[in-house]
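Summary of the model geometry
Residue-level listing of the chains:
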Amino acid sequence: MGNVIDIAVISGDGIGPEVVAEAVKVLKFVTNGGKTEVKLTDYKLGAEHWLETGETLPEETLEAIKKHDAILFGAVGAAPGDTRIPSGIIEREMLLKLRFSLDHFVNLRPAKLYPGIESPLANPGEIDFVVVREGTEGPYVGNGGSVRTGTVHEIATEVSVNTAYGVERVVRDAFRRAAERERKHVTLVHKHNVLVHAGHLWKRTVEMVAQEFPEVTHDYLHVDAATIFLTTDPSRFDVIVTDNLFGDILTDQAGAITGGIGLAASGNINMDRTYPSMFEPVHGSAPDIAGQQKADPTAAILSVALMLDHLGLVDEARTVEQAVEKEITSRQELTDNRTTSEIGDAIVALLA
Ligand SMILES: NC(=O)c1ccc[n+]([C@@H]2O[C@H](COP(=O)([O-])OP(=O)(O)OC[C@H]3O[C@@H](n4cnc5c(N)ncnc54)[C@H](O)[C@@H]3O)[C@@H](O)[C@H]2O)c1
Ligand SMILES: CC(C)[C@H](C(=O)O)[C@@H](O)C(=O)O
Ligand SMILES: [Mg+2]
C-alpha cells in the first residue's frame, strides 16, 4: 500500500464547482498509477448552501475539515447585487473563518506570464514573481464596528491589526522563498508614509529579518507606486511581501497582467503544518459566467500543483505545471472559446 493523500474538497458557488471538477480530474490522473492514492471528501458550503440551510461553517464541519491533509477550494460568494444574502456573510464566516482557524498565515500567489500568453501590457517583459500576502491579520480580522444612528453622524470603523509575531513570520517566509529563487529579491509593499503605525512595524521587521539573509536584497514601495510598476515594469519584482488587503488588490492586478484571473493560482498555507493548507484560484465565483462552462479552470488546476508541492509530491506538481505550460502556450486565444471541461481535458491529455 502506497501513500494516501486525504483531501477535503469545497467546490462552493458559481464557477467553483465547474473549475474544481477539472482540478479533480487532473489530481486523479497525475496520481493514478503512481504510489499515491487520493481520497476526496466533498463539503457543501457557500452561499447556495447558506440559502438552503442557514449554515456558514458549523463547528463540527470545521473540525472534520481539520483532519484532512489539504483542502481544494473553488470559490464562494453571491453576485454583488444579490439581495437574498447579506454581503460578506459567506466571505467572512466561511472563507475567512477557514483561513483564520487553520492559521493560513502565508497566502502565496505566484504571477507568471507564460510564453505565448498575451498580456494587456504593451511591454510586459518577463513576469515571474510571487506575492507573499499575509493571511490572518490586517483589516481582515473584523475588528470594527458601527454606530448606526441613521443620521449623518453614523460611524463605521475597520481597524487593521498587525502583530509583531504575525508580521515577522510572514516576512521571514518571504525572505526564505527569495533565498531559494534566482534573483533573491524581496519588495515590501505598504503605505508607511500614511499608515505610520502598521507601516513602520512592517518596515522595521523587514530590516531585522533581512539581517538573517545577507544573500537576499530588498527594497520598498508604497502600494500606490507598486500598482504603477506592476503596469509599467513588472519584471522588477521577484518576491513581494505585503499585508492582507494590499495583497488582495495587488494579486488581482498581477492576475490581469499575466493573462487573466482565470490563470492565477493560490495557496493559503499553514507553514507550521498544524492544520491543513488550502489551495484555490485567486478568482471568485464569477456569477456573470457561472453555469455556462465559460470559466477557465487553469487557475484551479495550477492550485492543484501548489497543493501537490506542499504535500511533498514535487514530481507530480512539476508534471501538472509543465502540462499547463504546454497547453496554454499552444492557445491561440486565452480559452479559444472552448468549454471549461474541454480545457481540463486538454491539460489532462498532456499529463501522460
Ligand atoms: N476565494 C473566493 O472564494 C473568492 C474570491 C474573490 C471573490 N469572491 C466572491 O465571488 C463573488 C464574485 O466576485 P467578483 O465578481 O468581484 O470577482 P470574480 O473573480 O468572481 O470575477 C471577476 C471577473 O473575472 C471573471 N472571471 C473570474 N474567474 C474566471 C475564470 N476562471 N475564467 C474566466 N473569467 C473569470 C468573471 O467572469 C468576472 O468578470 C463575490 O461574492 C465575491 O465575494 C470569492
Ligand atoms: C472573497 C474574499 C474574502 C477574498 C479575499 O479578499 O481574500 C478574495 O478576494 C480572494 O482574493 O481570495
Ligand atoms: Mg481577491
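Residues numbered from 1 in each chain as written. Chains lettered and ligands numbered in written order. Predicted model: local features only at pLDDT ≥ 70, side-chain atom pairs only at ≥ 80, totals over all residues. Heavy atoms only, no water.

Turning to the packing of helix 10 (residues 314-329) against helix 11 (residues 340-349), a few remarks are in order. In the contact formed by helix 10 and helix 11, the axes pass within 8 Å of each other and the chain directions differ by 120°. Comparing the axis directions of helix 10 and helix 11 gives the class oblique. The two elements helix 10 and helix 11 meet at a crossing, and its hand is right-handed. Here helix 10 contributes Ala323, Val324 and Glu327 to the contact with helix 11, which in turn contributes Ile343, Ala346 and Ile347. Across the contact of helix 10 with helix 11, the residue classes tally to 5 nonpolar, no polar and 1 charged. (Axes fitted to C-alpha atoms, helices over the stretch in contact; angles between N-to-C directions. Helix = DSSP H or I, 4+ residues; strand = E, 2+ residues; numbered from the N terminus. Parallel < 35°, antiparallel > 145°, perpendicular 65-115°, else oblique. Left-handed = near helix turned anticlockwise from the far one by under 90°. Contact = heavy atoms within 4.5 Å. Nonpolar A, V, L, I, M, F, W, Y, C, P; charged D, E, K, R; others polar.)

Attention now goes to the pattern of salt bridges. Summed over the entire model, instances satisfying the criterion amount to 23 salt bridges. Between Asp173 and Arg177 there is a salt bridge whose closest N-O contact spans 2.6 Å. With Asp173 and Arg177 both in helix 5 (residues 164-180) and 4 residues apart, this pair spans about one turn of that helix. On the basis of relative accessibility, which here comes to 3%, the residue Asp173 falls in the buried class. (Salt bridge = Lys/Arg side-chain N within 4 Å of Asp/Glu carboxyl O. Buried < 20%, exposed > 50% of the residue type's maximum accessible area, 1.4 Å probe, protein only.)

Inspection of the region around ligand 1 gives 21 residues, with Ala78, Glu91, Gly284, Ala286 and Asp288 positioned closest. One of the backbone N or O atoms of Gly284 is found 2.8 Å from an oxygen atom in ligand 1. Taking Ala286, its main chain carries an N or O atom lying 2.8 Å from an oxygen atom of ligand 1. Taking 810 Å² as the accessible area of ligand 1 by itself, protein coverage stands at 69%. For the shell around ligand 1, the elements supplying multiple residues, two or more each, are strand 3 (70-75) and helix 4 (89-101). (Near = heavy atom within 4 Å. Polar contact = N/O pair within 3.5 Å; in protein donor to acceptor, adjacent residues only side chain to side chain. Areas by Shrake-Rupley, 256 points an atom, 1.4 Å probe, with all protein chains shown as cover.)

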